[in-house]
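What follows is the residue order along each chain.
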Amino acid sequence: GGGGTQRLARRIGPNRAFELLATGEALPAQTFADLGLVSHLTDGDPMDKALALATTMAGHAPAALKAIKSLTQLAGESALGAALDREAEALHHLFLTTDARKHIAAFAAKSEARRAEKEAKS
C-alpha cells in the first residue's frame, strides 16, 4: 500500500522493482545507492551526516529550496515541456524575492570590486 509499487517501478523500472518487492531480499546499502534510492552512505554517525546536509541546505534561501523540492518531484510526474514551463515560472518568481535581490546586488558589488582591482593593477 501507499503507492510503493508505483513509485519504485517509476524510479528503477518495473522489472527490478518487481524483483525487489517480490523477493523481499535484504540487500547491501550500496545496492540501494547504486539504484539511486539512497542519497548518501556513511561509515560514521548517520546523524552527523544528516545534520551536515541540513546545515548546508539551511544556508540557502527557503523559497528557492521549496521551489527546488517541488520541481524535482514534478520531474518524474510531468512531461518535460510542462515541467520546464513550471521551472521558468518558479525562476521568475524567485528573482523577485528579497533574497534574490540581495544576492544579485552582492554579486554585482563583488564583480565591480574585481573590475576596479584589475584596473588598478593595469
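Here the structure is shown first, and the text comes after it.
Being a predicted model, the structure only gives us computed values, none of them experimental. Sequence positions are assigned chain by chain, starting from 1 and proceeding in written order. Note on the predicted model: pLDDT of at least 70 is required for a residue's local features to be given, and 80 or more for side-chain atom pairs to be given and counted; whole-chain, interface and lining totals, by contrast, use all residues. Only hydrogens and water are set aside; all other atoms, that is, all heavy atoms of the structure, feed into the side-chain values.

How would you summarise the overall build of the protein if you had to cite specific residues and measurements?
Each helix and strand in the protein was counted, giving seven helices and zero strands. Secondary structure elements are defined from DSSP: runs of H or I of at least 4 residues count as helices, runs of E of at least 2 residues count as strands, and each element is numbered from the N terminus. When its helices and strands are written in sequence order, the protein yields α-α-α-α-α-α-α. Computation of the radius of gyration draws on C-alpha atoms, with the globule rule given as 2.2 Å multiplied by the number of residues to the power 0.38. Taking 122 residues into account, the globule formula puts the C-alpha radius of gyration at 14 Å, and the protein, at 21 Å, lies well above it. Taking all 122 residues of the protein together, 9% fall into the buried category. Type-normalised accessible area, obtained with a 1.4 Å probe on protein chains alone, sets the label of each residue: buried when under 20%, exposed when over 50%, and partly exposed for intermediate values.

Explain the packing of helix α5 (residues 62–75) against helix α6 (residues 80–95) residue by residue, including any values.
Two numbers describe a pair of packed helices, the interaxial angle and the distance between the axes. Between the N-to-C directions of two axes lies an angle of 0 to 180 degrees, each axis being a line fitted to C-alpha atoms and, for a helix, fitted only over the stretch in contact. Between α5 and α6, the shortest axis-to-axis distance is 10 Å and the interhelical angle comes to 175°. Between α5 and α6, the crossing angle belongs to the class labelled roughly antiparallel. Counting all contacts with α5, which are made through Ala63, Ala64, Ala67, Ser70, Leu71 and Leu74, the residues of α6 involved are Ala83, Arg86, Glu87, Ala90 and Leu94. Asp, Glu, Lys and Arg are counted as charged, while Ala, Val, Leu, Ile, Met, Phe, Trp, Tyr, Cys and Pro are counted as nonpolar; the rest, among them Gly, fall into the polar class. Along the lines of polarity and charge, the residues of the contact of α5 with α6 split into eight nonpolar, one polar and two charged. Here roughly perpendicular refers to angles of 65 to 115 degrees, roughly parallel to angles under 35, roughly antiparallel to angles over 145, and oblique to all remaining angles. Here, two residues are considered to be in contact whenever any of their heavy atoms come within 4.5 Å of each other.

Describe the nonpolar core, listing the residues and the values that go with them.
Listed in full, the five residues of the largest apolar core are Ala67, Leu71, Leu74, Ala83 and Ala90. Looking at this core, the elements that each hand over two or more residues are α5 and α6. Counting residues per element, this core draws most heavily on α5, at three residues. Not counting residues up to four positions away in its chain, the partners in contact with leucine 74 are Ala83 and Arg86. The definition of a nonpolar core used throughout is a set of buried Ala, Val, Leu, Ile, Met, Phe, Trp, Tyr and Cys residues joined through side-chain atoms within 4.5 Å.

Hey, could you go over the packing of helix α1 (residues 4–12) against helix α2 (residues 14–23) for me, with residue numbers and the actual values?
Where α1 contacts α2, the two axes come as close as 7 Å, and the packing angle between them is 130°. With respect to α2, the axis of α1 lies oblique. Remark: the crossing between α1 and α2 carries right-handed chirality. Across the interface between the two elements, Thr5, Leu8, Ala9 and Ile12 of α1 pack against Pro14, Arg16, Ala17, Leu20 and Leu21 of α2. Each crossing gets its hand from how the near helix is turned against the far one by less than a right angle, where anticlockwise is left-handed and clockwise is right-handed.

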